[in-house]
Structures are given as C-alpha cells and as structure tokens.
Amino acid sequence: MANIGVVGIQWGDEGKGKIIDFLSAYADVIVRFQGGANAGHTIVIGDKKTILHLIPSGILHEGKYCVIGNGVVLDPEVLEKEITELKKLGYMKDDKKFLISGLAHLIMPYHKKLDQLKESRVTKKIGTTGRGIGPAYEDRTSRAGIRVVDLLNKKVFREKVRENLEVKNFLIRRYYKDEGFKLMDILKKYDGYRKLLKKYSMDVVSFLETCMAKKKAILFEGAQGTFLDVDHGTYPYVTSSNTMAGNIFAGSGVPPTCVDYILGICKAYTTRVGEGPFPTELSGPEGDLMRKIGDEYGSTTGRPRRCGWFDAVLAKRSVYLNGIKGLSIMKLDVLDGFEKIKLCTSYKIGKKYYTEPPMDVTGYYKCEPQYEEMDGWKTSLRDIKTYEDLPLNTKKYLKRIEELLNVKVDIISTGPDRNSTIILHNPFR
Ligand code: IMP
C-alpha cells in the first residue's frame, strides 16, 4: 500500500480538507504533522459543513486511525471543544483510534496572549490567527516548550509552567503593560486537560513504525500552504512551522523514504489571508467577484481572503519544493463567469523577467506579474463528474497549468460537496 502526503502549494486554504476527506476513505491512518489550530479544514457532506482546526480531517471516516504528530502545536482547549462537537455529531465513536504524540508541544494561555499582544502593538502586522502558534514554536526552538508528556507528569508540568511564567509575566506586564497569569489558574485549567491527553497520548513513532511494517496505507495531512512555510514562504509573512512536504518526516517521526507520492492542492486561482506580498492580487471588482463566488472568508478567523489570478511562478516552485507528483485543482467552478482568465507565467522586476520567485519580500512588492490570457468557459461546471464533460476552454486551462508546472492534474473539484469531484487518478489506487 502507498503512503501519501497532501500539501497546499499556495498560501493555504486551497481546499485540502475536502481532498483529505476523499482520500481518507482509502487510508488506514491519517496523520497531521505541523501547525495547530490556525488551520481550518472545511468538509461538506450533503448539507452538513464541518470545520476542523486541529483534529485530522480523516476523523469523519469511521474506523480510521487519526494521529496528531509531534510537529503539531496542540491547544488542549480547542482539542476538547472539537472532540465534544464531533461526538455530538456522531463521529469519534471509537476514540481508541485517535492518537496524540506525547512529543507534541502544548499551546499555553500565555502563547495566545503574547501572539495577540504582539500583533496589536507592531506596525508591520503579520495578520496571524492569534492562536498562539508563533510563541509556541518559539518556545519549542528555545527549549522552553511544554510537551504533552510534560503535562502528564504533574510535578514536571508545574515546574515548567512556573519557570515559563517568570519570563512570560515579565514580558506581558512590563513590556506590554497587560495582565499576567497566575500559576494556580493555569495548573487548575490544565489539570482537566491532563485527563483528556492521558487517554489519547502515546509513542506515535513506534505506532507508525508498526503500521508501516504491516503495510498500512498512511495519509499525511498538511496544513497551511508552501508560501506560508517559515523557510521557503514569503518571510516574515509566514506561519512558524515548515508547511512543506519535507516536514512530514520530522513532524510525525517517520523516515524520508516512506512516502511514495505527494499530492499538491491548489485553487484554480490564488487566495491569501493575512498580510504579506501577493503579486497576482486583484484589488478591484474581479477580486471582489472571486471572493463572493468562492465564499472566500477564512474558516478560522472569518477574515475576507484576498483573491487573485493563478500564479504559476509560485506554484512551479512549490511543485519542486514538495516533490509534487500530481495536482488537485480546486474551486474551478468559481471561474465560471469570467470572460477572460489570466495565468501569471513570470514576474518583471525593473527591466528583467523572472520565472523564479524572489528571495526577499521587497522583491515581491516590486514585481509586475506577466500574464497569459485565456478565454473563459462561461458556463456552469458545478457538479460535472467526468473530464470528458468539461467545456473545451476548461480543458485548455487545465492543460496549460499542467504544461507550466510540468506535472499532471489528478483531481479536479467543481463544487464544495464530496461528490463534486473528478478523479483522474486516485493516488491510493
Ligand atoms: P499564524 O500561523 O497564526 O502565526 O499566522 C501567520 C500567517 O499565516 C498569517 O498570515 C495567517 O493568516 C496565515 N495562516 C495561518 N494558518 C493559515 C491557514 O490555515 N490558512 C491560511 N492562512 C493561514
């Protein structure tokens, strides 16, 4: 059986939730390997819409193992809420199959507060989700982080929180002039989470090793997108983890040889939420139309997403960085009404043309996207189920994306529902 990774190749919100939900039917195990509750994976089944921030989207399939890997920063408050909501909806009946790595770092109340305070005070905002992601990864790197295993040991946990509060309260009270945290309040709150996490936490490395020995099919579920990657994204306007496929291995504790196929998810156009450069952004009526038709509002924060044309310069870099073997093109139907559709094939900076993205964020702001213009299809794609039934101009658009990125399109999504999907190649088959 193959092991497959799914990653976003733009700035997140590409529609990974829908495809992970589809592929989960063929997988035995679904693993999240980075990010935290900043993600928002939307899955529509019939008239029911479910948004998951932390728990892998595969949880909606009965009988699958769903795993939170060590690379995730875990907010127990969100976890508890999601478990309660999922159970209310009739999911997670067999919760012995939901597993959390003991090595995952915890989001603490001071992480969320510091994230929000920093964003509210700086002039150059990142536009974070305010979920404490950056401060939690900062602590992990500086070795001040508190992990799930630490919470399970009452004494260790108490000492780590106490040490952290000395520094965090100093920063919050003295620098930000805000209200700090009391040790006892945090200990009391996290006492409840200890019980919850004890139930689900385990040695995920050895669990996945056993799964591989038994030739189980594993699906690695990425969050955010490649251009939010802390190294390869539009730094500093990025998230604080490596979002690219390379982090599957460190973030779940599996060897780099174990993944057979990476599926890259992208929209038929581009969106971005939060601050930062966006060369193909449309700030006029065309962008507004995309936002309206595509219902482009953040599933975590509700913020309107910025919209623009498909950027083949960025997508091509993503295909290389992630080792993408096939693409899933999402929300193709959003372009139904457009007379002309544009594809950015290079950037012009000064007098020079570039087909690779700049290294520096100021380069992005200087670049003028160079477009190829194609005729739109001006007809509804909603719910078309076969490639043959797609209009000729739609096929031409898809072919051009394949040519520009030098990778084939495997999946096409023509509507939010599970069934509005054209599968040209199922990577698990
Ligand atoms: P953070 O991850 O909350 O620190 O936010 C850093 C940047 O990443 C901000 O621009 C966010 O809007 C963006 N971001 C974080 N998670 C997501 C996501 O799941 N989808 C899209 N953008 C995201």
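Residues numbered from 1 in each chain as written. Predicted model: local features only at pLDDT ≥ 70, side-chain atom pairs only at ≥ 80, totals over all residues. Heavy atoms only, no water.

So, the domain arrangement of the protein chain
Interfaces are often sized by the accessible area lost when the parts come together.
Phase 1: According to the domain assignment, the protein chain contains domain 1 (4-99 + 203-261), domain 2 (105-197) and domain 3 (266-423).
Phase 2: Between domain 2 and domain 3, the contact holds six residues from the first and five residues from the second.
Phase 3: Between domain 2 and domain 3 lies a buried interface of about 390 Å² when both sides are counted; carbon and sulfur atoms form 50% of it.
Phase 4: Run the count over domain 2 and domain 3 and you get zero salt bridges.
Phase 5: Counting across the domain 2 and domain 3 interface gives three residue pairs in polar contact (both at pLDDT 80 or more).
Phase 6: Of the residues belonging to the side of domain 2 that touches domain 3, the class tally is one nonpolar, three polar and two charged. (Domains from an automatic or database assignment. Contact = heavy atoms within 4.5 Å. Buried area = accessible area lost by both parts, 1.4 Å probe. Salt bridge = Lys/Arg side-chain N within 4 Å of Asp/Glu carboxyl O. Polar contact = N/O pair within 3.5 Å; in protein donor to acceptor, adjacent residues only side chain to side chain. Nonpolar A, V, L, I, M, F, W, Y, C, P; charged D, E, K, R; others polar.)

Details of the packing of helix 2 (residues 76-88) against helix 7 (residues 183-200)
Phase 1: At a minimum axis separation of 10 Å, helix 2 and helix 7 run at an interaxial angle of 60 degrees. When the axis of helix 2 is compared with that of helix 7, the two are oblique. Relative to helix 7, helix 2 is oriented so that their crossing is left-handed. On helix 7, the residues touching Pro76, Glu77, Leu79, Glu80, Ile83 and Lys87 of helix 2 are Lys189, Tyr190, Tyr193, Leu196, Leu197, Lys199 and Tyr200. (Axes fitted to C-alpha atoms, helices over the stretch in contact; angles between N-to-C directions. Helix = DSSP H or I, 4+ residues; strand = E, 2+ residues; numbered from the N terminus. Parallel < 35°, antiparallel > 145°, perpendicular 65-115°, else oblique. Left-handed = near helix turned anticlockwise from the far one by under 90°.)

A word on the packing of aromatic side chains
Phase 1: Applying the stated criterion across every chain yields a total of 10 aromatic pairs.
Phase 2: With a centroid separation of 5.6 Å and 75 degrees between ring planes, the pair formed by tryptophan 309 and phenylalanine 338 is classed as edge-to-face. Taken together, the residues tryptophan 309 in the loop between strand 13 (306-308) and strand 14 (310-311) and phenylalanine 338 in the loop between strand 15 (326-330) and strand 16 (340-349) connect sequence positions 29 residues apart. The two residues tryptophan 309 and phenylalanine 338 agree in class, both being buried. (Phe/Tyr/Trp six-rings, centres within 6.5 Å; stacked < 30°, edge-to-face > 60°. Buried < 20%, exposed > 50% of the residue type's maximum accessible area, 1.4 Å probe, protein only.)

A closer look at the packing of helix 3 (residues 109-121) against helix 6 (residues 154-175)
Phase 1: Put simply, helix 3 and helix 6 touch, their axes get as near as 11 Å, and they point 25 degrees apart. Put simply, helix 3 runs roughly parallel to helix 6. The two elements helix 3 and helix 6 meet at a crossing, and its hand is left-handed. Here Tyr110, Lys113, Leu114 and Leu117 of helix 3 lie close against helix 6, whose contacting residues are Asn164, Leu165, Lys168, Leu171 and Ile172.

Description of the side chain of arginine 291
Phase 1: Tracing the backbone through its elements, the reader meets arginine 291 in helix 10 (residues 285-294).
Phase 2: Polar contacts involving the side chain of arginine 291 include one to the main-chain carbonyl oxygen of arginine 305, which spans 2.8 Å.
Phase 3: Beyond its immediate stretch of four places on either side in the chain, arginine 291 contacts Glu296, Tyr297, Pro304, Arg305, Arg306 and Cys307.

Here we look at the sheet that holds strand 11 (residues 261-267)
Phase 1: If you trace the 10 strands from one edge of the open sheet to the other, you get 9-7-5-2-10-1-11-15-19-20, paired in mixed fashion. One side of each edge strand has no neighbouring strand; the edge strands of this open sheet are strand 9 (201-202) and strand 20 (421-423).
Phase 2: Sheet analysis places strand 11 next to strand 15, joined by five bridges and oriented parallel. Its bridge partner being in strand 15, leucine 263 is matched across the sheet by glycine 326. (Pairing = 2+ DSSP bridges.)

Focus on the site of the ligand
Phase 1: Near the ligand, the surroundings consist of 15 residues, among which Asp13, Asn38, Thr129, Thr239 and Arg303 are the closest.
Phase 2: Between isoleucine 126 and the ligand, the recorded distance is 3.5 Å, taken from a backbone N or O atom to an oxygen atom.
Phase 3: At 2.6 Å from an oxygen atom of the ligand is found a side-chain nitrogen or oxygen belonging to threonine 239.
Phase 4: Computed on the free molecule, the ligand has an accessible area of 470 Å², of which 96% lies beneath the protein chains in the complex. (Near = heavy atom within 4 Å. Areas by Shrake-Rupley, 256 points an atom, 1.4 Å probe, with all protein chains shown as cover.)

Some words on the pairing of strand 5 (residues 65-68)
Phase 1: Taken together, the four bridges between strand 2 (residues 29-32) and strand 5 define a ladder with parallel strand orientation. Note on strand 5: the bridge partner recorded for valine 31 is valine 67.
Phase 2: As judged from the three bridges shared by strand 5 and strand 7 (residues 98-101), these two strands associate in the parallel manner. When the sheet's bridge partners are listed, cysteine 66 is paired in strand 7 with phenylalanine 98.

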